[in-house]
Amino acid sequence: MKIFKYILVLMVTITTLSSCNKAASKESSTVAYQCPMKCEGDKVYAAEGSCPVCEMKLRPTSKIVKKVLSTMISDESIFNLTSKWNTQDDKEIELKELKGKTLVMVMIYTTCKAACPRLTADMRNIEEKIPTDLKNDVEFVLVSIDPINDTPKKLKEFAKENFLAGNQWTLLQGTESGVREFANVLAVKYKQISPLDFSHSNIISVFNPEGELVHQQEGLGVDNKETIKKIIETIKAY
Amino acid sequence: MVSIKGGEYIPLYGRDSMKVKINDFLMDVYPVTNKEYIDFVKKYPKWQKSKVIKLFADESYLRAWKSDTILGENQKEQSPITQVSWFAAKEYCECQGKRLPTVDEWEYVAMANKTIPDARKEKEYNAFILGWYEKPKTFNQTIGSTFKNYWNVYDLHGLVWEWTSDFNSVLISGESRKDVDTDNNLFCGSAAINATDLMNYAAFMRYAIRGSLKAKYTMKNLGFRCVKDNKK
């Protein structure tokens, strides 16, 4: 008779965002295990171990939450920023409301004719390459560096035109000082050179669900393999 | 604070390399001092060196201070505060109901010498600044130890470099394809070829140093002062 080692059932509370701009709601979930051969049908076990019939190692039915999201915001988290932002749906949020998902962020402006369409396309290409079962754990955020012109309405139109209409996309309008501060956190440089024209760095940044920077991709149309790898790693680590 | 009459000027790097309009505003006469910064961190402990978070300042933040509220042995209360990050400087100004100057505002006031508002063509003006850049440890001097300029503002040159709100503006205009890679080039001076006035090497140095900074960096010779909009 095999003795099953029972480990504490990990009760985790994951903060999920039902959509990019809704307030965070709390939800608790338990990790369940299942025999890969389904010897006993859909029977689930509360803990790791092996199947009593075929003795194969039980596999989790859902993604294991390996790290419990701390309720504290770490020293290096962008969630320390208290600036207010408007989404494309005209909802006011703070960055910390994005907590809980891996964040892929870029700074753009909608009247940009040269670099931003490429940057936006880069974001879309990255999004397309994230495996379907992980898509719910990642949020793609475009932050406007032109808060005067890029109103929520403008951002909404931009999202539609650029095929960024799904729940995984958030477009943000900040205040001028909020945008400057955020750019400084990303080390993105920009300067307005005429009323509708900015020069700016082209950087796509990846943050873990606690708001800590884990990766930056610099340049336009660069090979995004590394970025995608980092995003998937980050999703799986949480 | 003293009031600065706005106007137009052609910056070293500007919008369309053309004239930039500056509105009237108020500027601190001196850079913020050590003493003033002590008062600030006493009131806002989150900016004390033991409490500041990593997102907002690097390890050398206020390094020379003996403790959270006590200066180092060789530091004077009336010397300019240095080794503060952009985040700290920004918040300091905001807590006083002020803000950091923009690069354009700062450069506009700083192009004055003792007698005229735009002294950039004057040989002595440039020689003084370049002479200062070669001088070590001027941050140990006290505020007001340089000269009072046309606008009654002291110490824009000769004491410490100063943070500006938009120090992170890129230097190159137009849609740059790889502008993030150019810091090195800029620092070596190659970009000065694009400058509107080649005589203005000192100003170029300032743009170069700004271009090399990150907002959480702190430097021994980098302080700040605040400005305020002139509301009528």
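Quick caveat: nothing in here was measured; it's all calculated off a predicted structure.

(A) Structural view of the overall build of chain A. Regarding its fold elements, chain A presents four helices and 14 strands. The burial tally for chain A puts 49% of its 238 residues in the buried class. Within chain A, residue pairs in contact and separated by at least 24 positions form 62% of the contacts whose partners lie at least 6 positions apart. Split by element, the accessible area of chain A, about 11500 Å² in all, is 53% carbon and sulfur.

(B) Seen up close, the overall build of chain B. A tally of helices and strands in chain B yields six helices and seven strands. Taken from N to C terminus, the helices and strands of chain B fall in the order β-β-β-β-α-α-α-α-β-α-α-β-β. Counting all 232 residues of chain B, 54% fall into the buried class. Of the contacts formed within chain B by residues at least 6 apart in sequence, a portion of 71% connects residues at least 24 apart. Taken as a whole, chain B presents about 11000 Å² of accessible surface, with 51% of it coming from carbon and sulfur.

(C) Structural detail: helix 6 (residues 201–212) of chain B. Taking 1.5 Å of rise per residue, 12 residues should cover 16 Å, and helix 6 of chain B covers 17 Å from first to last C-alpha, within 8% of that figure. The buried fraction of helix 6 of chain B is high, at nine of 12 residues.

(D) Highlighting the packing of aromatic side chains. Residues and elements named next belong to chain B. For the structure on display, the rule yields 21 aromatic pairs over all chains. Taking 5.3 Å as the distance between ring centres and 75° as the angle between the ring planes, the aromatic pair formed by tryptophan 86 and phenylalanine 87 counts as edge-to-face. For the pair tryptophan 86 and phenylalanine 87, one class covers both residues: buried. Plain terms: the ring middles of tyrosine 133 and tryptophan 161 are 4.8 Å apart, the flat faces sit at 15° to each other, and that makes the pair stacked. Of this pair, tyrosine 133 sits in helix 4 (residues 123–134) while tryptophan 161 sits in strand 5 (residues 161–162), and the two are 28 residues apart along the sequence. Residue tryptophan 161 is classed as buried on the basis of its relative accessible area, which comes to 12%. Taken together through their ring pairs, the aromatic side chains of Tyr37, Phe40, Tyr44, Trp65, Tyr92 and Phe224 make up a single cluster.

(E) The state of the cysteines, seen in detail. Residue and element names in this part refer to chain B. A complete count under the given rule lists one disulfide over all chains for this structure. There is a disulfide in this structure between cysteine 93 and cysteine 226, and the S-S distance comes to 2.2 Å. Its torsion about the S-S bond being -85°, the disulfide of cysteine 93 and cysteine 226 is classed as left-handed. One end of the pair, cysteine 93, is in helix 2 (residues 86–95); the other, cysteine 226, is in the loop between strand 6 (222–223) and strand 7 (227–229), and 133 residues separate them in sequence. As far as the burial class goes, cysteine 93 and cysteine 226 line up, both buried.

(F) Here's a closer look at the packing of helix 3 (residues 176–186) of chain A against helix 2 of chain B. Orientation of helix 3 of chain A relative to helix 2 of chain B, taken along the N-to-C sense of each, is 160°, at an axis distance of 11 Å. It follows from the interaxial angle that helix 3 of chain A and helix 2 of chain B lie roughly antiparallel. Here helix 3 of chain A and helix 2 of chain B pass one another in a crossing that is left-handed. Side by side, helix 3 of chain A and helix 2 of chain B meet where A:Ser177, A:Arg180, A:Glu181, A:Asn184 and A:Val185 of the first sit next to B:Trp86, B:Phe87, B:Lys90 and B:Glu94 of the second. Each residue belonging to the contact of helix 3 of chain A with helix 2 of chain B can be placed in one class, and the counts come to three nonpolar, two polar and four charged.

(G) Seen up close, the nonpolar core. Counting 116 residues, the largest nonpolar core has A:Phe182, B:Tyr37, B:Trp47 and B:Phe224 as the members making the most contacts within it. Not counting residues within four places of it along the chain, the set of residues in contact with A:Phe182 comprises A:Ile78, A:Leu81, A:Trp85, A:Leu95, A:Met105, A:Met107 and A:Val143. One finds A:Cys35, A:Tyr45, A:Cys51 and A:Leu58 within the second-largest nonpolar core, a separate group that totals five residues.

(H) Highlighting the layout of surface pockets. Roughly 1100 Å³ of volume is contained in the largest pocket. Sorting the residues of the lining of the largest pocket by element identifies helix 3 and strand 11 (190–194) of chain A together with strand 3 (20–22), helix 2 and helix 3 (103–110) of chain B as the ones contributing at least two each. Class assignment of the residues belonging to the lining of the largest pocket gives a composition of 12 nonpolar, seven polar and 17 charged.

(I) Representation of the sheet that holds strand 1 (residues 2–4) of chain B within the structure. All names here are of chain B. Pairing is antiparallel across the open sheet formed by three strands, whose spatial order is 1-4-7. Each end of this open sheet is capped by a strand with a single partner; those strands are strand 1 and strand 7. The average undirected angle you get between the axes of adjacent strands in this sheet is 30°. Packing against the sheet, helix 3 makes contact with strand 1, strand 4 (25–27) and strand 7, and its axis sits at approximately 70° to strand 4.

(J) Structural view of the pattern of salt bridges. All names here are of chain B. A complete count under the given rule lists 21 salt bridges over all chains for this structure. One salt bridge in this structure joins lysine 46 and glutamate 91, with 3.3 Å as the shortest N-O distance. Of this pair, lysine 46 sits in the loop between helix 1 (34–43) and helix 2 while glutamate 91 sits in helix 2, placing them 45 residues apart in sequence. According to the relative accessible area criterion, lysine 46 is partly exposed, its value standing at 46%.

(K) Spatial organisation of the pairing of strand 11 of chain A. Among the five residues that make up strand 11 of chain A, four are buried, leaving the element largely enclosed by the rest of the structure. Counting the residues that bridge the hairpin from strand 11 of chain A to strand 12 (residues 197–200) of chain A gives two residues.

(L) Layout of the confidence of the model for chain B. Averaged over every residue, the pLDDT of chain B is 86; the share at 70 or more is 84%. As scored by the predictor, the complex reaches a pTM of 0.77 and an ipTM of 0.77.

(M) How the structure looks around the side chain of B:Arg210. Its place among the elements puts B:Arg210 in helix 6. For B:Arg210, a relative accessible area of 5% corresponds to the buried category. A distance of 2.9 Å separates a polar atom in the side chain of B:Arg210 from a polar atom in the side chain of B:Glu107. Setting aside chain neighbours within four positions, we find B:Arg210 in contact with A:Lys189, B:Val103, B:Trp106, B:Glu107, B:Thr164 and B:Phe167.

The rules behind the values
- Residues numbered from 1 in each chain as written.
- Chains lettered and ligands numbered in written order.
- Predicted model: local features only at pLDDT ≥ 70, side-chain atom pairs only at ≥ 80, totals over all residues.
- Heavy atoms only, no water.
- Helix = DSSP H or I, 4+ residues; strand = E, 2+ residues; numbered from the N terminus.
- Buried < 20%, exposed > 50% of the residue type's maximum accessible area, 1.4 Å probe, protein only.
- Contact = heavy atoms within 4.5 Å.
- Areas by Shrake-Rupley, 256 points an atom, 1.4 Å probe, with all protein chains shown as cover.
- Expected span 1.5 Å × (residues − 1).
- Phe/Tyr/Trp six-rings, centres within 6.5 Å; stacked < 30°, edge-to-face > 60°.
- Disulfide = S-S within 2.5 Å.
- Axes fitted to C-alpha atoms, helices over the stretch in contact; angles between N-to-C directions.
- Parallel < 35°, antiparallel > 145°, perpendicular 65-115°, else oblique.
- Left-handed = near helix turned anticlockwise from the far one by under 90°.
- Nonpolar A, V, L, I, M, F, W, Y, C, P; charged D, E, K, R; others polar.
- Core = buried A, V, L, I, M, F, W, Y, C linked by side-chain atoms within 4.5 Å.
- 1 Å grid on protein atoms, 1.4 Å probe; cavity = no way out; pocket = protein on both sides within 12 Å on 5 of 7 lines; lining within 4 Å.
- Points joined across faces, edges and corners; volume = space filled by probe spheres on them.
- Pairing = 2+ DSSP bridges.
- Salt bridge = Lys/Arg side-chain N within 4 Å of Asp/Glu carboxyl O.
- pLDDT = per-residue confidence, 0-100.
- Polar contact = N/O pair within 3.5 Å; in protein donor to acceptor, adjacent residues only side chain to side chain.

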